[in-house]
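Next come the chains, spelled out residue by residue.
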Amino acid sequence: MKLTTYSRLSGFYFFYFSLLGALVPYWSLYLQSFEFDAQTIGGLMAILMASRIVAPNIWGWLADHTGQRLRIVRYGAFFTCLVFVLIFWQDSVLGIALVMAGFSFFWNAVLPQFEVLTLTHLKGREALYSRIRLWGSVGFIVAVMGIGWVLDLVSIRWLPWMMLGLMVLIWLASLCVAGEAQPRNSDESGFLQQLLRPQVLVFFLICMLIQFSHGPYYTFYSVLMDGLGYSRTEIGMLWSVGVVAEVIIFILMPKLIGGLGLRALMMISLLLSVLRWLLIGLMPDNLTLMLFAQTLHAVSFGVLHAVGIALVHHYFSPSNHGQGQAMFSSLGFGVGGALGALCSGLMWESLGAAATFSVAALAVLIAFLCATLWIKPENCAVTNR
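Just so it is clear, the model here is predicted, and its values are computed rather than measured.

As for the packing of aromatic side chains
Summed over all chains, the structure comprises 33 aromatic pairs. Ring centres 5.3 Å apart and planes at 75° place the aromatic pair Tyr 13 and Phe 114 in the edge-to-face group. In this pair, Tyr 13 sits in helix H1 (residues 3–32) while Phe 114 sits in helix H4 (residues 93–122), placing the two residues 101 residues apart along the sequence. Judged by its relative accessible area of 0%, Tyr 13 is buried. In this structure, Arg 157 packs its charged tip against the face of Phe 34, placed 3.9 Å from the ring centre.

Encoded structure:
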C-alpha cells in the first residue's frame, strides 16, 4: 500500500475516533450538567447506540446497491456536522434527544462503509487492518486526554464546540480519501443465505452480548469515577490507559491472528473481559486495580473488535461486505449497546455499580459459552475468497 493511501486512511480513523474520545467519556457529564437523573442519561446515551440498529443497514444496503461507498461516507460526515449544530439551542430532554438521534443517524453511516473501503484498499492483506485502525485509537487518546485537561479549566458546556470541530475534521478527512465506484449488487438472497447460517447468527449474538456488557462502562464509568473524587484529568488518564493498551494490541494483532487464530483470541479475550467488569464494579476506588482493568480494554474492545471485523470479512462475500459490516455495527453496537445503556440506566441508582457491572460480566460469560460451542471459523465455508 502506498504511503499516501495509508496516511489518508489512518487520518480518517484518527479524527473519527477523536470524536468518540470526546463523546464517550464526557457526554454523560455534559448531560449530568442539566441535572438529568441516571435513568434519563442512560436513555439518552442509548439513542446513540439505538441509531446503529437502523442507520448502518440503510446505508450499507445503499452502498452495496449503488457502489458509491465513498460518496456515502462523505455525505454522512457532512450531515453529521449540519445536524449537530442544533445542539447549541437545546436544553430539554426532548430537544437533546432529537439532535442526538439526528446526528447519530448520519454519523453511524460512516464507519461501517469506511471499514469496507479500508479492507478493499488492503486487497488480500486484511491482517494489516489493525495497523491502520490503531491511528483511531491514537486519536481517541489525544482527544480524551486533551479534552479532559481542558474541561478541568472550563465548563463542561464547551464540550459541544469541541465535538463540532472534530466533526468538521472528519468530513475534511473523508474528502482526502481516494476511492472508486464499486460493482453494484442486487443479490439479496445471497446475503440472507450467508447471514442465516447458524454459526453466523451466533456470532452476531456474541457481538450483541459483548457490546451489552460495555453499556455501563460507556454510560457511567466517568460518572462513577467523578463520584469517587477522581478529577477529570485523572478520568481522562484512565480512559487513555485503556486505549494505549488497545493501540499496542492493534500493532500485535497480525502476529496474534497468525499465531493463535481467531477462535482462540476470541475465547481468551472474553474471559479477560469478565475479569475487567468485575474489577471495575467491585473495586473502583483502588487506582492500581483500575489501571490494570483499563489495560484489559486491549482485549474487551481491541482484540474482539479486530476479530469481529475479520470474521465478518470471512463470513460474507465481497458484494455483501457493506451489509455484513453494517449488520456487525447494528446488532453489536446498536442493539447490544442500546440495551446495555438502557439496562445500566435502570440498574445504576437502584442496584449500584457493583451489581450493574456484575450483570455485564455475566453477559460476557454467556458470550464465552456461545463461542465455545459455535465459533469455529475453520468449519464454516469461506465465502469471500
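Now, onward.
A few points about the packing of helix H8 (residues 198–213) against helix H9 (residues 215–227)
Two elements in contact, H8 and H9, have axes whose closest approach is 4 Å; the angle formed by their N-to-C orientations is 15°. Comparing the axis directions of H8 and H9 gives the class roughly parallel. On the side of H8, the interface is formed by Gln 211, Phe 212 and Ser 213, while H9 contributes Gly 215, Pro 216 and Tyr 218. Residue classes in the contact of H8 with H9 are distributed as three nonpolar, three polar and no charged.

With respect to a nonpolar patch on the surface
Together, Trp 149, Leu 153, Val 154, Trp 158 and Trp 161 give the surface a local cluster of nonpolar side chains, amounting to about 610 Å² of exposed area. Note that Val 154 resides in the loop between helix H5 (129–151) and helix H6 (159–176). Val 154 gets classed as partly exposed once you look at its relative accessible area, which sits at 33%.

Comments concerning empty space enclosed by the protein
Summed over all chains, the structure comprises three cavities of 30 Å³ or more. Size it by volume and the largest cavity reaches roughly 440 Å³. Taken together, 30 residues line the largest cavity, and the ones lying closest to its centre are Phe 17, Leu 20, Arg 52, Phe 301 and Phe 333. Breaking the lining of the largest cavity down by element, the ones donating at least two residues are H1, helix H2 (38–66), H4, H5, helix H10 (232–260), helix H13 (297–315) and helix H14 (321–351). Approximately 120 Å³ is the volume attributed to the second largest cavity. Lining the second largest cavity are 13 residues, and of these Cys 207, Ile 210, Gln 211, Leu 304 and Phe 328 lie nearest its centre. Listed by contribution, the elements that provide at least two residues to the lining of the second largest cavity are H8, H13 and H14. In terms of residues, the lining of the second largest cavity owes the most to one element, H13, which gives five residues.

Some points on the confidence of the model for the protein chain
Here the protein chain shows a mean pLDDT of 85. Residues at 70 or above account for 93%. Counting interchain partners and residues more than four positions distant, the pLDDT-below-50 stretch residues 381–385 has 17 contacts.

Here we look at the side chain of Ser 222
Relative to the elements of secondary structure, Ser 222 occurs in helix H9. At a separation of 3.0 Å, a polar atom in the side chain of Ser 222 contacts the side chain of Trp 239. Setting aside its immediate chain neighbours within four residues, Ser 222 contacts Pro 25, Ser 28, Leu 29, Ile 235 and Trp 239.

What about H8?
Every α-helix winds through 3.6 residues per turn, so residues three or four apart in the chain are directed the same way. The terminal C-alpha atoms of H8 lie 23 Å apart, and with 16 residues this matches the ideal 22 Å at 1.5 Å per residue to within 8%. Taking burial as the measure, the 16 residues of H8 include 12 buried ones, the bulk of the element. Among all positions of H8, only Gln 199, Val 200, Val 202, Phe 203, Phe 204, Ile 206, Cys 207, Leu 209, Ile 210, Gln 211, Phe 212 and Ser 213 are buried.

Quick notes on the packing of helix H11 (residues 262–282) against H13
Following both chains from N to C, one finds H11 and H13 inclined at 150°, their axes separated by 8 Å at the closest point. Taken together, H11 and H13 sit at an angle that is classed as roughly antiparallel. Our pair here, H11 against H13, has a crossing hand that is left-handed. Contact residues: Leu 262, Leu 265, Met 266, Ser 269, Leu 270, Leu 272, Ser 273, Arg 276 and Trp 277 in H11; His 297, Val 299, Ser 300, Val 303, Leu 304, Val 307, Ala 310 and Leu 311 in H13.

Conventions we followed
Residues numbered from 1 in each chain as written. Predicted model: local features only at pLDDT ≥ 70, side-chain atom pairs only at ≥ 80, totals over all residues. Heavy atoms only, no water. Phe/Tyr/Trp six-rings, centres within 6.5 Å; stacked < 30°, edge-to-face > 60°. Helix = DSSP H or I, 4+ residues; strand = E, 2+ residues; numbered from the N terminus. Buried < 20%, exposed > 50% of the residue type's maximum accessible area, 1.4 Å probe, protein only. Lys NZ or Arg CZ within 6 Å of the ring centre and 35° of its normal. Axes fitted to C-alpha atoms, helices over the stretch in contact; angles between N-to-C directions. Parallel < 35°, antiparallel > 145°, perpendicular 65-115°, else oblique. Contact = heavy atoms within 4.5 Å. Nonpolar A, V, L, I, M, F, W, Y, C, P; charged D, E, K, R; others polar. Patch = residues over 30% accessible without salt bridge, like charges linked within 9 Å, V, L, I, M, F, W, Y side chains within 5 Å. Areas by Shrake-Rupley, 256 points an atom, 1.4 Å probe, with all protein chains shown as cover. Salt bridge = Lys/Arg side-chain N within 4 Å of Asp/Glu carboxyl O. 1 Å grid on protein atoms, 1.4 Å probe; cavity = no way out; pocket = protein on both sides within 12 Å on 5 of 7 lines; lining within 4 Å. Points joined across faces, edges and corners; volume = space filled by probe spheres on them. pLDDT = per-residue confidence, 0-100. Polar contact = N/O pair within 3.5 Å; in protein donor to acceptor, adjacent residues only side chain to side chain. Expected span 1.5 Å × (residues − 1). Left-handed = near helix turned anticlockwise from the far one by under 90°.

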